[in-house]
Structure formats: structure tokens, C-alpha cells
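# What the coordinates show
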Amino acid sequence: MHAARGFTLVELLVAFAIAALLVGLAPIAFERMRESAQYRDTVRGVLADLRLARHRALAEGRPVRFVIDLRARRFGLGEPQREVPSSVQVRATVAGSELTDNAVAAIRFLPDGGATGGSIDIARPSGDGVRLRVDWLFGRVEQEAL
């Protein structure tokens, strides 16, 4: 006699249970991955715009402003152009002369290499994140953990 081939009912039930578990966990893992990508993209964008503003001020010999609108959740050079995702928390500390209506903050980079100074905190939903600090004397942009 030859042995019958196939799967037992218990083996099929175990396989279906594992598949159901994986399907149930996939949306949670995807959401975390999406939030992490949005956080990294925001940090890279703000850092790049700050450094670009400093470079333009030095190259063009005129003041250049990096602006972040905390109420509208947008940032950029001059007029805020890029959006801050809702999953990312942003706080700004700037000079009093660069804050309007408690919602729009700016850091002005000067042609002599200085800046008005300040910092921008960018945090994940979990609370950890980075602080992008602009030195007022030399206009250097530095990144540190919160």
C-alpha cells in the first residue's frame, strides 16, 4: 500500500491561524513605517531648507528667511511651501522679532554669516525626535536628539 498525501485538518488550521495573524498585524506595521518615513522626510526637509537659506544668504549677499507656520503646519524659504504631516509634532523657538501672531516663526540668515538664531524641535508621535539648532553668531545648523 502507498501512503496518502496531503495535509491534515490540524495542519490547515494552524496555517490559516498564522496567515490571519500576519494579515491582522500588517496594517499596524505599515502605519508605523509610514509615520517613521514622514518623520524622517520632515527632518530632512527642514534641515535642507535651513542649510539652503544659510548658503543663499552667504552667496547672494542678502538676508534669507526660513519660515515655519505652526498653525498651518507648513515650512520653507520665504513663503512656507512644504507641509508638516499630522503625525509629526513641531515646535519652534526663535527671536521675538521673528515671531508673528504666535503662529509664524522665522530664522533669518544674514549675509555676514550670522543668523537671528533659534531652534526647531521635530518629534515623532512617541515623543522622541531631534532639535535643529541655528547658532546666532555663525549661522551654523546643528542637529541633536531631544
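The sections below set out a description of the structure shown in this document. What you see is a predicted model; the values in this text were computed from it and never measured.

Membership of the largest hydrophobic core comes to 25 residues, with the highest contact counts inside it found for Val46, Leu50, Phe66, Phe109, Ile120 and Ile122. Of all the secondary structure elements, the ones that give two or more residues to this core are α1 (9-60), β1 (64-69), β2 (74-77), β6 (104-109), β7 (118-123) and β8 (129-134). The element best represented in this core is α1, accounting for 7 residues.

Further remarks concern the sheet that holds β6. What holds strands together in a sheet is hydrogen bonding between their backbones, with the strands either parallel or antiparallel. Spatial strand order, β3-β2-β1-β6-β5: 5 strands in an open sheet with antiparallel pairing. Only two strands of the sheet have a single partner each, and these edge strands are β3 (82-83) and β5 (99-100). Here β2 runs beside β3; their pairing, made up of 2 bridges, is antiparallel. Paired with Arg74 across the strands is Glu83, a residue of β3.

This part takes up the pattern of salt bridges. Under the criterion given, the structure shown has 12 salt bridges. Between Asp121 and Arg91 there is a salt bridge whose closest N-O contact spans 3.6 Å. A residue pair is termed long-range when its members are at least 10 positions apart, and Asp121 in strand β7 and Arg91 in strand β4 (residues 89-94) qualify at 30 residues. Residue Arg124 is joined to Asp128 by a salt bridge in which the shortest nitrogen-to-oxygen separation is 3.9 Å. The class for Arg124 is partly exposed, based on a relative accessible area of 25%. A network of salt bridges, in which partner residues are shared, links Arg91, Asp121, Arg131, Arg133 and Glu144.

Looking now at the sheet that holds strand β9 (residues 141-145). Spatial ordering of the open sheet is given by β4-β7-β8-β9, a layout of 4 strands whose pairing is antiparallel. The open sheet is flanked by β4 and β9, the only strands paired with a single partner. Strand after strand, the sheet turns through a mean of 15° between neighbouring axes, direction not considered. The pairing of β4 with β7 spans 6 bridges and is classified as antiparallel. Counterpart to Thr93 in the pairing with β7 is Ser119. Of the strands in this sheet, β7, β8 and β9 are in contact with α1, which crosses β8 at around 5°.

What counts and how
Residues numbered from 1 in each chain as written. Predicted model: local features only at pLDDT ≥ 70, side-chain atom pairs only at ≥ 80, totals over all residues. Heavy atoms only, no water. Core = buried A, V, L, I, M, F, W, Y, C linked by side-chain atoms within 4.5 Å. Buried < 20%, exposed > 50% of the residue type's maximum accessible area, 1.4 Å probe, protein only. Helix = DSSP H or I, 4+ residues; strand = E, 2+ residues; numbered from the N terminus. Pairing = 2+ DSSP bridges. Salt bridge = Lys/Arg side-chain N within 4 Å of Asp/Glu carboxyl O. Axes fitted to C-alpha atoms, helices over the stretch in contact; angles between N-to-C directions. Contact = heavy atoms within 4.5 Å.

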